[in-house]
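Tertiary structure, described
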Amino acid sequence: MPTASSRRKDTPPPRTANSEADVLRGFLDYLRASIATKVDGAAEPRVRTPAVPSGTNLLGLLNHLIAVEKVTFLGEKVTDWQATFQPAPQDSVADVVARYRATVDRANKVLDDCTDLGAPLPLPGRSGRPSPSVRWALTHMIEETGRHAGHADILRELIDGTTGR
């Protein structure tokens, strides 16, 4: 059972938005902040210790989301998705959290120029393959980040009892 000191302040989802784009980006940014907060400050080596038979670990989840953000919004390629779940041994928690936040900032700069949700996402190097729509990319990242934020909730609680959004 979490103690009062291990319970993080719950931050409710965003409630104000005037457009579909504002709602989608608001929820995505909310989830991004949530998962970064869950990982930030988690203790080594437990943050990278698998807590389930699949080998999933808290720091690996955030490392994976860095790759997904880069592929989805920045047009980068991944050849081994399983490898994205393993941060480099020399990467500290602070390193991975900072890299995630920097990747999110880069992705948001791309999104800032996307005014039509139905338009293809401007991705470099797609060479003949159509880009998904901005709407699809935002929805996919909400789903992906939300799914892994749920995993992170459980993994962080197993590490040190910390709960909350």
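To start, this report covers the structure provided alongside it.

1. Regarding the overall build of the protein
A count of helical and extended segments in the protein gives four helices and zero strands. What you see in the protein, going N to C, is helices and strands ordered as α-α-α-α. For 165 residues, the compact-globule estimate of 2.2 N^0.38 gives 15 Å, and the protein sits close to it at 16 Å. Reported as C-alpha extents along the three principal axes, the dimensions of the protein are approximately 50 × 40 × 25 Å. The buried share of the protein, taken over its 165 residues, is 42%. For the protein, restricting intrachain contacts to residue pairs at least 6 apart in sequence, the fraction spanning at least 24 positions comes to 71%.

2. Focus on unusual backbone geometry
With an omega dihedral of -5°, the bond running from Glu44 to Pro45 counts as a cis peptide bond. Within the element layout of this structure, Pro45 appears in the loop between α1 (20–39) and α2 (58–74).

3. What about the pattern of salt bridges?
A full pass over the atoms with the stated rule returns nine salt bridges. With its nearest N and O atoms 2.3 Å apart, the salt bridge here joins Lys38 to Asp153. Separated by 115 residues along the polypeptide, Lys38 in helix α1 and Asp153 in helix α4 (residues 134–160) bring together distant segments of the chain. By relative accessible area, which is 34% here, Asp153 ends up partly exposed. In the salt-bridge network here, residues are joined through shared partners; they are Asp29, Arg32 and Glu69.

4. Considerations on the nonpolar core
For soluble globular proteins, nonpolar side chains are generally found buried alongside one another. In this structure, Ile35, Val39, Leu58, Leu62 and Tyr100 are the most contacted members of the largest nonpolar core, which totals 21 residues. Of the residues forming this core, the biggest block, six residues, is contributed by α2. Grouped together as the second largest cluster of nonpolar side chains are 19 residues, Tyr30, Val110, Leu117 and Ala137 included.

5. Remarks on the packing of α2 against helix α3 (residues 93–112)
Across the interface, α2 lies against α3 with an axial gap of 9 Å and an inter-helix angle of 20°. If you check the angle between α2 and α3, you find them roughly parallel. Between α2 and α3 lies a crossing of left-handed hand. Where α2 approaches α3, its residues Leu59, Leu62, Asn63, Leu65, Ile66, Glu69, Lys70, Phe73 and Leu74 are matched on the opposing element by Val93, Val96, Val97, Arg99, Tyr100, Thr103, Val104, Arg106, Ala107, Val110 and Leu111. Residues that form the contact of α2 with α3 fall into these classes: 14 nonpolar, two polar and four charged.

How each quantity is defined
Sequence order as written defines residue numbering, which begins from 1 separately in each chain. Where totals are concerned, whole chains, interfaces and linings use all residues; where local detail is concerned, this predicted model gives features only for residues with pLDDT of at least 70, and gives and counts side-chain atom pairs only at 80 or more. Hydrogens are left out, water is left out, and the side-chain values use all remaining heavy atoms of the structure. Helix and strand definitions follow DSSP, with helices as H or I runs of at least four residues and strands as E runs of at least two, each counted in order from the N terminus. Radius of gyration: C-alpha atoms only; globule rule: 2.2 Å multiplied by the number of residues to the exponent 0.38. Residue exposure (1.4 Å probe, protein chains only): buried if accessible area is under 20% of the type maximum, exposed if over 50%, otherwise partly exposed. In this description, contact between two residues means that some pair of their heavy atoms is separated by no more than 4.5 Å. When a carboxyl oxygen of Asp or Glu lies within 4 Å of a side-chain nitrogen of Lys or Arg, that pair is called a salt bridge. To define a nonpolar core, start from buried Ala, Val, Leu, Ile, Met, Phe, Trp, Tyr and Cys residues and group those joined through side-chain atoms within 4.5 Å. All axes are obtained by fitting lines to C-alpha atoms, using only the stretch in contact for helices, and the reported angles, taken between N-to-C directions, cover 0 to 180 degrees. Under this scheme an angle from 65 to 115 degrees is roughly perpendicular, one under 35 degrees roughly parallel, and one over 145 degrees roughly antiparallel; angles in between are oblique. Two helices cross in a left-handed way if the nearer one is turned anticlockwise from the farther one by less than a right angle. They cross in a right-handed way if the turn is clockwise. Following the grouping adopted for this structure description, the nonpolar residues are Ala, Val, Leu, Ile, Met, Phe, Trp, Tyr, Cys and Pro, the charged ones are Asp, Glu, Lys and Arg, and the polar ones are all others, Gly among them.

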